[in-house]
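Coordinates in review
Chain residues, written in single-letter form:
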Amino acid sequence: MNVPMRGAHAAALLLVLTACSPAAEDTTSQETLGAAATAEGGDAWRDGLSWTDVAIPGVPAGARMAVVSGDLASTGAFVLRLDFPDGFTFPPHTHPTDEHVTVLEGSIRVGMGTEVDPEAAQVVETGGFITAPAEMVHYAIADGRTMVQVHGMGPFAVVLASGE
Ligand SMILES: [Cu+2]
């Protein structure tokens with residue numbers, strides 16, 4: 001009966017070593033954090049996702065997006081990540097369905113209305129959450145390099161309030 005017990009202990013020790021190894025590395029850079037997340041078998045912040053430029057007429061260049069799950073073009077749940085450079089402003093827009101936003105990194109200011117007003121916008125820090133209800137005009141400003149995760153029900157569409 002001792003042999004199976006030893007086997008169980010050996011397996012547990014191996015798991016501990018595997019879990020500890022990423023922490024032994026330098027985790028100061030975002031790339032390293034992403035690599036650590038991958039090594040632990042979880043999702044990565046940026047690595048492992050297929051990023052494309054957000055190319056919407058009327059939206060400044062510089063933002064990137066990656067679909068985490070689902071199909072943006074069809075009905076059903078989707079999860080999407082957006083990567084914004086520091087100072088990026090997503091102009092006033094609406095979505096046909098509720099947009100649920102979790103800030104994974106950095107910080108955003110989200111305001112409601114057709115005029116961008118950084119002072120009136122609500123600050124949503126890393127780990128924070130905000131919902132933009134369907135058809136409500138809103139905008140967002142990134143403070144620092146910022147990544148947000150958006151989830152909702154498709155189809156996902158962006159309609160700029162400027163009519164572009
Ligand atoms: Cu939005």
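Preceding this section is the structure that the text describes.
Note that this is a predicted model, so its numbers are computed, not measured.

1. A word on the nonpolar core
- Grouped together as the largest cluster of nonpolar side chains are 18 residues, with contacts concentrated most on Leu82, Ile108, Ala140, Ala142 and Val148.
- The element contributing the most residues to this core is strand E8 (residues 138-154), with 6 residues.
- The residues contacting Ala142, other than those within four sequence positions of it, are Phe84, Pro85, Asp86, Gly87, Phe88, Gly106 and Ile108.

2. As for the pairing of strand E3 (residues 76-84)
- Looking at chain direction, strand E2 (residues 64-69) and E3 are connected through 5 bridges and run antiparallel. Bridge assignment links Arg64 to a residue of E3, and that residue is Asp83.
- Where E2 hands over to E3, the hairpin turn is made up of 6 residues, of which Gly70 adopts a positive phi near 85°.
- The pairing of E3 with E8 spans 9 bridges and is classified as antiparallel. Each residue of the ladder has a partner; that of Arg81, found in E8, is Gln149.

Cut-offs used in this document
Residues numbered from 1 in each chain as written. Predicted model: local features only at pLDDT ≥ 70, side-chain atom pairs only at ≥ 80, totals over all residues. Core = buried A, V, L, I, M, F, W, Y, C linked by C-beta atoms within 7 Å. Buried ≥ 20, exposed ≤ 12 C-beta atoms within 10 Å, placed from the backbone. Helix = DSSP H or I, 4+ residues; strand = E, 2+ residues; numbered from the N terminus. Contact = placed C-beta atoms within 7 Å. Pairing = 2+ DSSP bridges.

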